[in-house]
Protein chains: 2
Amino acid sequence: MLQIRVYRLVPLLLCRMFLFGNVSAGEAPSSISLMPIPENIMFTELAFRVDTSFRIVIEGNAHERLYSAATRMLRRLSERTGLFLPQDFIVPDAEVESPSLTITTQRAGNIELGEDESYVLVVSSRGIGLNAETDLGALRGMETMLQLLTADAQGFYLPGVRIEDRPRFPWRGLMIDAARHFMPMDVIKRNIDGMAAVKMNVFHWHLCDDQGFRVESKEFPKLHKIGSDGLYYTQSQIKEVVEYADNRGIRVVPEFDVPGHATALIAAYPELSSAPGTVTVERKWGIFYPVLNPASEYTYEFLDRLFGEMADLFPDPFFHIGGDEVEHTGHSAEHWDNNPDIQRFKAENNIQDNGTLQSYFNKRLLAIVTKHKKVMIGWDEILHEAMPTSVVIHSWRGRGAMERAAKLGYRSILSNGYYIDLIQPTDIHYLNDPLPEDVQLSDEGKGNILGGEATMWAEFVSPETIDSRIWPRTAAIAERLWSPRTVANVDDMYRRLDRISLQLEEHGLTHEKNYEMLLRRLTGDRDIAALKTLVDVLEPVKGYVRGRLKPHTSYSPLTRVVDAARPDAAEARRFRIAVDRYLAGLESGDSLANSLMYILRGWKENHLHLSVIITRSPPLAEIASMSEDLSRVADIGVESLGYIQSGVRGDVAWEKEALEAIERAKEPRGQTELMILPAIEKLVARALGNIPTK
Amino acid sequence: MLQIRVYRLVPLLLCRMFLFGNVSAGEAPSSISLMPIPENIMFTELAFRVDTSFRIVIEGNAHERLYSAATRMLRRLSERTGLFLPQDFIVPDAEVESPSLTITTQRAGNIELGEDESYVLVVSSRGIGLNAETDLGALRGMETMLQLLTADAQGFYLPGVRIEDRPRFPWRGLMIDAARHFMPMDVIKRNIDGMAAVKMNVFHWHLCDDQGFRVESKEFPKLHKIGSDGLYYTQSQIKEVVEYADNRGIRVVPEFDVPGHATALIAAYPELSSAPGTVTVERKWGIFYPVLNPASEYTYEFLDRLFGEMADLFPDPFFHIGGDEVEHTGHSAEHWDNNPDIQRFKAENNIQDNGTLQSYFNKRLLAIVTKHKKVMIGWDEILHEAMPTSVVIHSWRGRGAMERAAKLGYRSILSNGYYIDLIQPTDIHYLNDPLPEDVQLSDEGKGNILGGEATMWAEFVSPETIDSRIWPRTAAIAERLWSPRTVANVDDMYRRLDRISLQLEEHGLTHEKNYEMLLRRLTGDRDIAALKTLVDVLEPVKGYVRGRLKPHTSYSPLTRVVDAARPDAAEARRFRIAVDRYLAGLESGDSLANSLMYILRGWKENHLHLSVIITRSPPLAEIASMSEDLSRVADIGVESLGYIQSGVRGDVAWEKEALEAIERAKEPRGQTELMILPAIEKLVARALGNIPTK
């Protein structure tokens, strides 16, 4: 997989070779920010200059998809460079004089699992060649080419390079939950564009949950009429998304979660329920009682018709039936346990427990899904000895489950470790390898691991904030799923991520620009500098803490400080790194100490400015004490630096006061937490002489 | 129209009264930023506090539209305040305990010209009452209520107020040209939301021009297949927009421009043409030859079927047929002049000239439009003695034409003076009154002036930049068309516009947030401070200059400095105002001089920083000398201030050098112009002693 074939026209002596499998990605020229990093890359000295003579030709009889993709690429090149490129639409059989980029494909790609996505991209001073077996490979290669675009005083250029690239895993997905908060078409489309930019190829669309059924159904119109609060995709919109994704080489896998997460289904069709009475669409978060009745033939007739209708809308062979979070004992099982029909059914069919009952349901479901010519996927709860290995297991509860499934012969997909809704830092996801070097699996078992999916559950995101939870972190997950396992340098990942994040803005993604917009809304005016200084070092609380600290509903505002704050707060990370470098004595002289002092003094003085703004901005009241704490702990940092620099140790009274202040600052406020505290603690420790100096 | 009825429950002594017809709007509390300003407004001392107990009830049997609008309003209130409001969907016949806001309407409003949009909004400490004849009035009143929302240290409140409001003109429109650059659905929807926020009620959709036919046609599918480059609205999308607008009390008036601007029509159906041969969809800007054949019966049969199909898609009774820019003499007329059939037809029908020929065409068109139960509107070229006064004249070439039309009995709409694509400052549009006090029209003539439309022609806007050309300036046009004529204080308009602009961001409008995004793209990183300092005082060249300075096509990049730069550059305006105040001696002491000095020194030093960024950002090369000029003229400003403050006059050599530098700086670069030069010139003049000091 990691061989290098030296491009024969480039004399070896002129090459600087980068085999990212063996050497650190950090050794690539720092002007280059590819993400994901290709399998093989070799830099040469001969760059290709991009100017207004840039023209593209597509050789051979390519898929229509490729012409529109190349036209879009040409526009993006023009929009990023400001160059007035003369070529308009790229069409078949056009005469193109001295093309700059020649794209050659062998055949039309199929938008399906395992299709060839490899490509070879060669840039020399004379031109660019992009060769691929399929147009999907060409699409991936064009994204690499755009990421190679670099500028110097003479203008734009592509560095001389030979890239041979192919994905490590065939399933590289992003799941968007459009059920808990509905996500309008533009959110879906721009995220599909973002996926394509980082070579992801599966859009998993979570379309049905307790809080909403989000697809127009002609078979069961109450599903969207009663089950959606009026927020759903029409069938023509579904087709629009499928076509949009297809044009970008992306499969669309829908999910209709059954038999649990079924409140919206049952609100529309109470006859599906395991319990008597009616329910309304859920507006809270959690795991809820309503569950389909597995003992009723009506349930299967209903799902047969519904899944038949939905299967026609989504051409991809894979069909996700959810299957998660049906609790089989205790409280949550009471709808099954209290239903005499279900109890009778279990007795008649010798079904011992509710787990086996769900497995019975899943087998019936499998027959339905198979009848409609689909492959069934489900969350890892569907794994049961009675399930044939034709189903695909989507692992969310732990990688152990995935590996067991793979051992048993099930194909599986990893999402555990890619739950981007939990607001973890990027490196956690980045280093979460579906197939770590020491995995205990046979080759066949390894082959069953198809890849992974970033999962954007939508309890706490709105159309305004969802992009900032998906991006840029998902680009690092995309790299994990595409690039060789050995590409794992966290510092270099963060360096490249910062640039890729800005390029992702070209698709209309709002992860960067909505930050200040939300801050403006919080202050009600343009004066956001002091607020930004604080929120730059805040992150939302992690995991499932937010909902525990403050119960939310589907209509709670998602416009507070916690929503503006972003995962992996970059300013805090930079500060932590600088403190570590300082304490490790990595830089001589006092320049680093001076920089840290400058930053700390800025924070120290910030509350003075921000407190004035807080008094006229009621939504900021909840973080007023956090602002005070930032100033207080920054002051402790200033004092610590003073001790360290002067060689005097802090005394016991100072230590006590400092540690108490830091402890107080750890308390989340407004469901956010201050991210500079560990670094401040390190400074305090050093000021107390607790860590050996170099 | 301007009577005040004192609200009987509020003792007069407690009232501060604001009759904006008579006193300056500037006297309203500066915390209040209504736009448009209501017809009658009276502030009382009793505010209503908004907290989590806020609840809405709708009395009577209101239109369904009102329930969804009130629910949206509740969400916006929650999102702006961060308050967790407990009420979810507002539905008919709900029991609402102690409602905060009671909305009462008399009847369902019709989305049609002249429908009652009046409302009365009363805020007291006990609650809020919103009364309107129709739900459209209630929609307008809810926008006023949200604009009243104010914050202090205790939280959010609505000031005690009684507002009686109704529009001055019944036709308050925004035209978006989706033909020259296609505008995706999300652009259309967010702009409709923006319109509703400032009480506009007509979305005029320019759907067909030389560069594209943008609607799916089942009758003539080549129109969208060949005539659109694949960029068009499906019929279900059109219905979606019409419904979306209807829900916000906004009419949708489509425009299909004939017989000129017809390249896309003729590219799809060459048999419509006045000239032999075929054409392709136009990708340049300008006025083009292709024109429908008015002598061919096929043309009328075609338009009958097409307009019949389109008339069914758009429920509004008004139907815009364009009719502009068919040149009747010289070069542009040659397609008609060279066609023997057309010449024969003219002779047979005793048609003397091409003007009369177009009038003949328009009369045939009128019969078609009337047959499909629509009222015909056209640009002012359609005005011809032979046209009945049932048609509506849309004036773009001058207000004189509009007044003549009104005198002749035609209803008319003003767009001359509202061409927001020309990048004029807001006050020009704001002071452009459709019915100025001294207008020479009878009451009947005045009644024929229906209102106006801001017109967003799309040669130089993309989905990324269009919002910044529409907003916030269009809010001032909306005020001109809604508020009493006497509301005309430019300074206060700018004060309010600045706040309303931020509130418009709540609808996803990108006019604020895409500015820094475009700057980031230009520099390729986050370091945009120096670039922003320059672009903050640049504006795109005005009028039709941009295309003359640099020919563009439909696929030219719209991502350059000129596209990031915004109309009515606020920083430059603030500087001009400060210089005027300084020179008028309006502020005592040296504080203003010090502020000016601080700003000028910042500009003076800016090029030092920016020049480094320019060397690595090729798209900035075109404004490198502009950056130098900013520093140079800022230095002249610094020197001028020095002379003025010290009482010493600049000498002749200094004068010569200064004026030459300013003159050089006036040259547009990258189709932008530096907006601080008149103020610098004033400083220089004063430094030379040319203006009497106080």
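Chemist: Any details on the overall build of chain A? Residues and values, ideally.
Modeler: Regarding its fold elements, chain A presents 25 helices and 22 strands. Rg of the C-alpha trace for chain A: 27 Å, near the compact-globule value of 26 Å for 694 residues, within the 12% margin. Taken along the three principal axes of its C-alpha coordinates, chain A extends 80 × 75 × 50 Å. Contacts in chain A between residues at least 24 apart in sequence constitute 75% of all its contacts with a sequence separation of at least 6. A total accessible area of about 25600 Å² is found for chain A, and carbon and sulfur atoms account for 51% of it.

Chemist: Account for the relation of the copies chain A and chain B, naming residues and giving values.
Modeler: Here chain A sits on chain B after a turn of 180° about the axis and a move of 0.0 Å along it, with an RMSD of 0.0 Å. Look at the turn and shift together and you get a two-fold axis relating the two. Most of the interface of chain A is mirrored in chain B, where 100% of its interface residues are also at the interface.

Chemist: Residue-level account of unusual backbone geometry, with values.
Modeler: Residue and element names in this part refer to chain A. The amide bond that connects Val 258 to the next residue, Pro 259, takes the cis arrangement and shows omega of 0°. Within the secondary structure, Pro 259 is located in the loop between strand 15 (251-255) and helix 6 (263-268). That bond from Trp 471 to Pro 472 is cis: its omega, 0°, falls within 30 degrees of zero. Along the polypeptide, Pro 472 turns up in the loop between helix 14 (466-470) and helix 15 (473-482). Even without glycine at this site, Lys 373 takes up a positive phi of about 65°. Within the fold, Lys 373 resides in the loop between helix 10 (354-371) and strand 17 (375-379). The backbone of Ile 423 sits at a positive phi, close to 65°, despite the residue not being glycine.

Chemist: Please give an account of the confidence of the model for chain A that cites residues and values.
Modeler: Predicted confidence across chain A gives a mean pLDDT of 93, with 95% of residues reaching 70 or more. Per-residue pLDDT stays below 50 along residues 1-27 of chain A; that stretch engages in 59 contacts with residues further than four places along the chain or on separate chains.

Chemist: Before we move on, can you summarise the nonpolar core with the specific residues and values?
Modeler: Nonpolar side chains tend toward joint burial in soluble globular proteins. Phe 203, Trp 205, Tyr 233, Phe 256, Leu 265 and Phe 307 of chain A are the most contacted members of the largest nonpolar core, which has 105 residues in total. Per element, the largest residue contribution to this core is 8 residues, and it comes from helix 7 (residues 297-313) of chain A. Those residues in contact with Phe 203 of chain A, other than ones at most four positions away along the chain, are Leu 174, Ile 176, Ile 188, Ile 192, Met 195, Val 241, Ile 250, Arg 251, Val 252 and Val 253 of chain A. By size, the runner-up hydrophobic cluster in this structure holds 103 residues, among which are Val 198, Ile 266, Ile 470 and Ile 500 of chain B.

Chemist: Residues and numbers for the packing of helix 21 (residues 570-583) of chain A against helix 22 (residues 591-615) of chain A, please.
Modeler: All names here are of chain A. Running from amino to carboxyl end, helix 21 crosses helix 22 at an angle of 140°, the nearest separation of the two axes being 10 Å. In terms of orientation, helix 21 and helix 22 fall into the oblique class. When you trace helix 21 past helix 22, the crossing you get is left-handed. Within the contact between the two elements, helix 21 uses Phe 575, Ala 578, Val 579, Arg 581 and Tyr 582 and helix 22 uses Leu 592, Ala 593, Leu 596, Ile 599, Leu 600 and Trp 603. Partitioning the contact of helix 21 with helix 22 into residue classes produces 10 nonpolar, no polar and 1 charged.

Chemist: Describe in detail the packing of aromatic side chains, supporting the description with residues and values.
Modeler: Residues and elements named next belong to chain A. Inspection of the entire model under this criterion finds 45 aromatic pairs over all chains. Judged by centre distance (5.4 Å) and plane angle (80°), the ring pair of Phe 220 and Tyr 269 falls under edge-to-face. A residue pair is termed long-range when its members are at least 10 positions apart, and Phe 220 in the loop between strand 14 (212-213) and helix 4 (222-225) and Tyr 269 in the loop between helix 6 and helix 7 qualify at 49 residues. For the residue pair Phe 220 and Tyr 269, the accessibility class agrees, reading buried in each case. Among the aromatic residues, those joined into a ring-pair cluster are Phe 182, Phe 203, Trp 205, Phe 213, Tyr 233, Phe 256, Phe 307, Phe 314 and Phe 319. Positioned over the ring face of Tyr 515 is Arg 566, at 4.1 Å from the centre of the ring.

Chemist: Can you break down the interface of chain A and chain B residue by residue, with the values?
Modeler: Taken residue by residue, the interface counts 53 residues in chain A and 53 residues in chain B. In total, about 4200 Å² of surface goes out of reach between chain A and chain B, with carbon and sulfur atoms giving 55% of it. Of all residues in chain A, the largest losses of buried area upon contact with chain B belong to Phe 84, Arg 526 and Tyr 555 of chain A, amounting jointly to 18% of the total for that side. At the junction of chain A and chain B, the tally comes to 8 salt bridges. Two residues, Asp 498 of chain B and Arg 526 of chain A, come together in a salt bridge whose shortest N-O distance is 2.8 Å. Taken together, the connections running from chain A to chain B amount to 19 residue pairs in polar contact (both at pLDDT 80 or more). Of all the secondary-structure elements, those providing two or more residues to the side of chain A that touches chain B are helix 1 (64-81), strand 8 (150-152), strand 9 (155-158), helix 5 (235-247), helix 16 (490-504) and helix 17 (513-523) of chain A. Of all the elements, helix 17 of chain A adds the most residues to the side of chain A that touches chain B, at 6 residues. Broken down by class, the residue content of the side of chain A that touches chain B amounts to 15 nonpolar, 14 polar and 24 charged.

Chemist: Describe the sheet that holds strand 8 (residues 150-152) of chain B, listing the residues and the values that go with them.
Modeler: All names here are of chain B. Taken in spatial order, the 3 strands make up an open sheet running 3-9-8, and their pairing is antiparallel. Taken across any chain shown, the strands that pair with only one partner, and hence form the sheet edges, are strand 3 (48-50) and strand 8. Each adjacent strand pair in this sheet contributes to an overall mean axis angle of 40°, direction not counted. The pairing of strand 8 with strand 9 (residues 155-158) spans 3 bridges and is antiparallel. What sits directly across from Thr 150, in strand 9, is Tyr 157.

Chemist: Outline the pairing of strand 6 (residues 119-124) of chain A, supporting the account with residue identities and numerical values.
Modeler: If a strand is regular, its side chains alternate between the two faces of the sheet. Residues and elements named next belong to chain A. The element strand 6 is largely enclosed, with a buried count of 5 among its 6 residues. For strand 6 and strand 7 (residues 127-134), the ladder comprises 6 bridges, and the chain directions are antiparallel. By the bridge assignment for strand 7, Val 122 is matched with Gly 129. In textbook terms, the turn of a hairpin is the stretch between consecutive antiparallel strands, and for strand 6 and strand 7 this stretch comprises 2 residues. Sheet analysis places strand 6 next to strand 10 (residues 161-165), joined by 5 bridges and oriented antiparallel. Its bridge partner lying in strand 10, Tyr 119 is registered against Asp 165.

Chemist: Account for the sheet that holds strand 9 of chain A, with residues named and values stated.
Modeler: Residue and element names in this part refer to chain A. Strand order in the open sheet formed by 3 strands is 3-9-8, with antiparallel pairing between adjacent strands. Only two strands of the sheet have a single neighbouring strand rather than two, namely strand 3 (48-50) and strand 8. Along the sheet, successive strands turn relative to each other by an average axial angle of 40°, direction set aside. In the sheet, strand 3 pairs with strand 9 via 3 bridges, with the strands oriented antiparallel. Looking at strand 9, one finds that Val 50 is bridged to Phe 156.

Chemist: With reference to specific residues and values, describe helix 21 (residues 570-583) of chain B.
Modeler: Residues and elements named next belong to chain B. For helix 21, which comprises 14 residues, the first-to-last C-alpha distance of 20 Å matches the rise-based estimate of 20 Å (1.5 Å per residue) to within 8%. Listing the buried residues of helix 21 in full gives Ala 572, Arg 573, Phe 575, Ala 578, Val 579, Tyr 582 and Leu 583. Packed against the buried residues of helix 21 are helix 16 (490-504), helix 22 (591-615), helix 23 (624-646) and helix 25 (677-687). Of the residues trailing helix 21, Gly 585 is marked for its positive phi of about 65°.

Chemist: Can you lay out the side chain of Glu 164 of chain A for me, pointing to particular residues and giving the numbers?
Modeler: Structurally, Glu 164 of chain A is set in strand 10. Engagement of the side chain of Glu 164 of chain A in a polar contact is seen with the side chain of Arg 162 of chain A, the distance being 2.9 Å.

Chemist: Can you tell me about the pairing of strand 12 (residues 202-206) of chain B, naming the residues and giving the values?
Modeler: Residue and element names in this part refer to chain B. Counting buried positions along strand 12 gives 5 out of 5 residues, so the element sits mostly inside the fold. Of the two faces of strand 12, the one lined by Val 202, His 204 and His 206 and the one lined by Phe 203 and Trp 205 are each fully buried. Relative to strand 12, strand 11 (residues 171-177) runs parallel, the two sharing 5 bridges. Along strand 12, the bridge assignment pairs Ile 176 with Trp 205. Chirality of the crossover, the property in question, places the unit of strand 11, helix 3 (residues 185-197) and strand 12 among those that are right-handed.

Parameters and conventions
Residues numbered from 1 in each chain as written. Chains lettered and ligands numbered in written order. Predicted model: local features only at pLDDT ≥ 70, side-chain atom pairs only at ≥ 80, totals over all residues. Heavy atoms only, no water. Helix = DSSP H or I, 4+ residues; strand = E, 2+ residues; numbered from the N terminus. Rg over C-alpha atoms; globule rule 2.2 N^0.38 Å. Contact = heavy atoms within 4.5 Å. Areas by Shrake-Rupley, 256 points an atom, 1.4 Å probe, with all protein chains shown as cover. Least-squares fit on C-alpha atoms with pLDDT ≥ 70 in both. pLDDT = per-residue confidence, 0-100. Core = buried A, V, L, I, M, F, W, Y, C linked by side-chain atoms within 4.5 Å. Buried < 20%, exposed > 50% of the residue type's maximum accessible area, 1.4 Å probe, protein only. Axes fitted to C-alpha atoms, helices over the stretch in contact; angles between N-to-C directions. Parallel < 35°, antiparallel > 145°, perpendicular 65-115°, else oblique. Left-handed = near helix turned anticlockwise from the far one by under 90°. Nonpolar A, V, L, I, M, F, W, Y, C, P; charged D, E, K, R; others polar. Phe/Tyr/Trp six-rings, centres within 6.5 Å; stacked < 30°, edge-to-face > 60°. Lys NZ or Arg CZ within 6 Å of the ring centre and 35° of its normal. Buried area = accessible area lost by both parts, 1.4 Å probe. Salt bridge = Lys/Arg side-chain N within 4 Å of Asp/Glu carboxyl O. Polar contact = N/O pair within 3.5 Å; in protein donor to acceptor, adjacent residues only side chain to side chain. Pairing = 2+ DSSP bridges. Expected span 1.5 Å × (residues − 1). Right-handed = clockwise from strand over helix to strand, strands pointing away.

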